[in-house]
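Fold and contact review
Below are the chains, spelled out letter by letter.
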Amino acid sequence: VPNPLFGKSIIWSQDFHPDILEDLFARTYRYTHQRSNSMLHNKRFVMLFYEPSTRTRFSFEAAIDDLGGSRISTESAMHFSSATKGETLEDTIRVMSAYGDCIVLRHPEEDAAMRARDFLQSQDIWTPIINAGCGKGQHPTQSLIDLYTLYKAFGRMKDLTIAVVGDLKHGRTVRSLAYLLGKFRGNKIHFVSPVELSVGYDILAYLNRHETPFTQSTSLDPYIEEVDAVYMTRTQEERFENKDDSKRLKGSYRLTTALAERMRRDALIMHPLPKVGEIDEEVYRLPQAAFYQQSDNGVLVRKALLEMMFSPN
Ligand code: CP
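These remarks concern the structure in this document. Remember, predicted model here, so these are calculated numbers, not experimental data. (Residues numbered from 1 in each chain as written. Predicted model: local features only at pLDDT ≥ 70, side-chain atom pairs only at ≥ 80, totals over all residues. Heavy atoms only, no water.)

1. Some thoughts on the sheet that holds strand S9 (residues 268–270)
In spatial order, the strands read S7-S6-S5-S8-S9; together these five strands make up an open sheet with parallel pairing. At either margin of the open sheet sits one strand with a lone partner, and together these are strand S7 (214–217) and S9. Each neighbouring strand pair of the sheet contributes to a mean axis angle of 15°, computed without reference to strand direction. Where strand S5 (residues 161–165) lies against strand S6 (residues 188–192), five bridges are found, and the strand directions are parallel. Across the sheet, residue Thr161 finds its bridge partner in S6, namely Lys188. (Pairing = 2+ DSSP bridges. Helix = DSSP H or I, 4+ residues; strand = E, 2+ residues; numbered from the N terminus. Axes fitted to C-alpha atoms, helices over the stretch in contact; angles between N-to-C directions.)

Okay, structure coming up:
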């Protein structure tokens, strides 16, 4: 039986069954001891990024290079592809599907990856799409990295209490992580945000369906000593309809050294990055700081993911 990701697109984090996550993370761990192989020999990847990226694009590219694949790429498809002339996403995707074996897509619209996959499949084209972060919807591969970082630190994916803090309305990484945490018994999420930036009801409904307890609050203070991890996020200024609101709400939360020092010593301070002032400079030196572990894990997790997508075993 081929592994369940073989030949599949990666669109939503809720598609990852716990058994797949166990398998993925075992493979991820193996890549800590094996930098390269020829798993992706003769496979070409199309890196189609309509929004800026540092970690996602470069870590995918590093993973592809280390596994012997090749890639064609634009770092700003909004300006350097025919999108600038008005070409639809569907047309671009259809054309690019013939130029590569997989399309890694970042796009400002939250349903873009799903639309890309569905459009290709409607034409009987099965080139996989990887959602590399779409709008304020989801960023599934980042959530795999986040969960792996937690798993490595605590040795489990269940019985974790996480406070997620900041712009939870527009933050796609939190949404994807919540879907994963909801798959394991005993996990609990404290959502901390300004009321205007609360996490979507679709996430809360999902957590209710999966019997995952959560709280919603405007203050991190009551939870700081209890949690296994604080997951900070930036205000996603580019996704606000009203720029005055983004200015007013930017900087609503800052993890100060005084606050961070109240955390358990074995707890984690996480951030998907980029961070722009949500965490005090001095916090970097605390043993709990895990945000660079997350970005370091990016290449390893993405190698394991590509292995599962391109190898039946
Ligand atoms: N975490 C993340 O998606 O970072 P980039 O926007 O730099 O890819």
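Still more ground to cover, so stick around.
2. Some details on the nonpolar core
Ranked by internal contacts, the top residues of the largest apolar core, which has 58 residues, are Phe16, Leu21, Phe45, Leu147, Leu150, Phe191 and Leu306. Considering each element in turn, this core owes the most residues, eight residues, to helix H11 (residues 291–310). Among all residues touching Leu21, those that are not within four sequence positions of it are Phe16, Leu144, Leu147, Met157, Leu180 and Phe184. The next biggest cluster of nonpolar side chains, apart from the first, holds 22 residues, and it includes Ala267, Ile269, Ile279 and Ala289. (Core = buried A, V, L, I, M, F, W, Y, C linked by side-chain atoms within 4.5 Å. Buried < 20%, exposed > 50% of the residue type's maximum accessible area, 1.4 Å probe, protein only. Contact = heavy atoms within 4.5 Å.)

3. Some details on the site of the ligand
Near the ligand you find Ser53, Thr54, Arg55, Thr56, Arg106, His139, Gln142, Pro272 and Leu273, and these make up its full shell. Note that an oxygen atom of the ligand is positioned 2.9 Å from one of the side-chain N or O atoms of Arg55. Pro272 places a polar main-chain atom, nitrogen or oxygen, 2.9 Å from a nitrogen atom of the ligand. Judged by the fraction of its atoms near the pocket grid, the ligand is located in the largest pocket. The residue inventory of the shell around the ligand, partitioned by class, reads two nonpolar, five polar and two charged. (Near = heavy atom within 4 Å. Polar contact = N/O pair within 3.5 Å; in protein donor to acceptor, adjacent residues only side chain to side chain. 1 Å grid on protein atoms, 1.4 Å probe; cavity = no way out; pocket = protein on both sides within 12 Å on 5 of 7 lines; lining within 4 Å. Sits in = over half its atoms within 2 Å of the grid points. Nonpolar A, V, L, I, M, F, W, Y, C, P; charged D, E, K, R; others polar.)

4. A look at helix H5 (residues 112–122)
Of all the residues in H5, the buried ones are Ala112, Ala113, Ala116 and Leu120. Taken around the axis of H5, the buried residues stretch over an arc of 105°, which confines them to a single face. Buried-residue contacts for H5 involve helix H4 (89–97), strand S3 (102–107) and strand S4 (129–134). The positive-phi residue at the C-terminal boundary of H5 is Asp124, with phi of around 60°. (Arc of directions from axis to C-beta.)

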